[in-house]
Amino acid sequence: MTDRQVVVITGASAGIGRASAQLFGARGAQVALLARGRAGLDGAAKDVENAGGTALPIPTDVADYEQVHAAARQVEDTFGPIDVWVNVAFTSVFAPFHEITPGEFRRVTEVSYLGFVYGTMVALARMRPRDRGAIVQVGSALGQRSIPLQSAYCGAKHAINGFTESLRTELMHEGSNVHVTVVQMPAVNTPQFSWVLSRLPRHPQPVPPIYQPEVAARGVVFAADHPQRKQYWVGASTVGTLLGQKIAPALLDRYLAKTGYQSQQTGEKVKPDRLHNLWEPLDSQDGHDHGAHGTFNDRAHSRAGQLWFSHHARLLVTATLTATGAAAWLRSGHRRQDRSTDQRA
Ligand SMILES: NC(=O)c1ccc[n+]([C@@H]2O[C@H](COP(=O)([O-])OP(=O)(O)OC[C@H]3O[C@@H](n4cnc5c(N)ncnc54)[C@H](OP(=O)(O)O)[C@@H]3O)[C@@H](O)[C@H]2O)c1
């Protein structure tokens, strides 16, 4: 089924994109790797080839539509029709909103939101006439529940859900066999926390529980194999966050206002001028391949009940909403009973 599958992954030089590329490679896929950094792309290509796949690294800035379009053409000229397109590439600024400049906010939006839009556009332009293909958007729990210090990122992640939902209904309207799905990720141990532009006094960290990028990659590959579903939720923390947001968003506001600054930083002080990847890849500044993993290996889980949650997400929501509704009905029943008891008394 998956032999010689043609897969394109943006943001494939590091983190979740890189782990996903390796996993597709292990199935013998032909994997096109899109990102900017040369060292990371070369490292990712080696990972894919060592795993048993065929790699095609293409230096690309996803904020530039023409580059994304040219990359898609190069992939099909080399490998043939694209079966799966995975949008992963992103950047962010860790800072309170009032400390982010308009140019920085625009750049995050252009990479992290429009990069997904452009990837989806060029993939769709090729898949739609063939009436087959899968597009996977790597989303985040923060695309449905924003947190402090990540306003530009959370805005982009929300926007991805918004435009994807619209596109999905258009494809359904057409009866298309092209499918688009979103995989909502938990906190993952990737290089982002060491290279994103940060104005925080201490080293940024993913909010625990933290998962290894291979856990996220398994979610991506599963979603690519079953793209008919609207969303997948990876990790119990994603399930908890998304259900919490549905049930008690105002409570979460207060909780995050209180804990969100502390929980996103380690105790380690960082220099305010640390190198970052907002405008240029870090590879081109330090010459290193940063790999798939970040600096939190000792705290990261290698497993999650991800597939279970993926399969049962809808059931869980229904059960929770039913339970919430039943509790409200019971409470109102008690109030009715109390009132009639009062009246009788
Ligand atoms: N890690 C988490 O805790 C977490 C949680 C939820 C969701 N996610 C989602 O997972 C995805 C990947 O996150 P990650 O943590 O793996 O990130 P990461 O470690 O920072 O890797 C980001 C990737 O994007 C590429 N990239 C950055 N800017 C680019 C640009 N302008 N054009 C092309 N490629 C660019 C980077 O390569 P170059 O710099 O070489 O271009 C790198 O390959 C994101 O969509 C994120 O929203 C992550």
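Residues numbered from 1 in each chain as written. Predicted model: local features only at pLDDT ≥ 70, side-chain atom pairs only at ≥ 80, totals over all residues.

## Overview of the packing of helix H1 (residues 15–26) against helix H7 (residues 213–225)
Put simply, H1 and H7 touch, their axes get as near as 8 Å, and they point 60° apart. Judged by the angle between their axes, H1 and H7 are oblique. For the element pair H1 and H7, the recorded crossing hand is right-handed. Residues Gly 15, Ile 16, Ala 19, Ser 20, Leu 23 and Phe 24 of H1 touch H7, and the partners they reach there are Pro 213, Glu 214, Ala 216, Ala 217, Arg 218, Val 220 and Val 221. (Axes fitted to C-alpha atoms, helices over the stretch in contact; angles between N-to-C directions. Helix = DSSP H or I, 4+ residues; strand = E, 2+ residues; numbered from the N terminus. Parallel < 35°, antiparallel > 145°, perpendicular 65-115°, else oblique. Left-handed = near helix turned anticlockwise from the far one by under 90°. Contact = placed C-beta atoms within 7 Å.)

## Comments concerning H7
End to end, H7 covers 18 Å across 13 residues, agreeing with the expected 18 Å (1.5 Å per residue, within 8%). Of all 13 residues making up H7, ten are buried, and the element is well covered by its neighbours. Those residues of H7 that sit buried are Pro 213, Val 215, Ala 216, Ala 217, Gly 219, Val 220, Val 221, Phe 222, Ala 223 and Ala 224. (Expected span 1.5 Å × (residues − 1). Buried ≥ 20, exposed ≤ 12 C-beta atoms within 10 Å, placed from the backbone.)

## Brief notes about the nonpolar core
Counting residues in each nonpolar core, the largest one holds 90 residues, and the members touching the most others are Leu 33 and Val 86. Excluding anything up to four places from it in sequence, Leu 33 contacts Ile 9, Ala 12, Ser 13, Ala 21, Leu 41, Ala 44, Ala 45, Ala 55, Leu 56, Pro 57 and Ile 58. (Core = buried A, V, L, I, M, F, W, Y, C linked by C-beta atoms within 7 Å.)

## Description of the site of the ligand
In the region of the ligand, 34 residues are neighbours, and Gly 11, Gly 15, Arg 36, Gly 37 and Gln 192 sit closest. Of all elements in the fold, only H1, strand E6 (133–140) and strand E8 (187–188) reach the threshold of two or more residues within the shell around the ligand. In terms of residues, the shell around the ligand owes the most to one element, H1, which gives three residues. Class assignment of the residues belonging to the shell around the ligand gives a composition of 17 nonpolar, 13 polar and four charged. (Near = placed C-beta within 6 Å. Nonpolar A, V, L, I, M, F, W, Y, C, P; charged D, E, K, R; others polar.)

## What about the pairing of strand E7 (residues 178–185)?
Counting buried residues along E7, eight of its eight residues qualify, which places the element largely inside the surrounding structure. The sheet contact formed by E6 and E7 spans eight bridges and is parallel. Counted as the bridge partner of Gly 133 is Val 178 from E7. The parallel pair E6 and E7, bridged by helix H5 (residues 151–174), forms a crossover whose chirality is right-handed. Across three bridges, E7 lies against strand E12 (residues 231–233) in parallel orientation. Bridge pairing in E12 places Gln 184 opposite Trp 233. (Pairing = 2+ DSSP bridges. Right-handed = clockwise from strand over helix to strand, strands pointing away.)

## Thoughts on the sheet that holds E6
One open sheet accounts for seven strands, arranged E3-E2-E1-E4-E6-E7-E12; its pairing is parallel. Sheet topology places strand E3 (54–59) and E12 at the edges, where each strand pairs with a single neighbour. Mean inter-strand twist for the sheet, computed between neighbouring axes without regard to direction, equals 20°. Strands strand E1 (6–10), strand E2 (30–35) and E3 of the sheet are contacted by helix H3 (residues 65–79), whose axis makes an angle of about 155° with E3.

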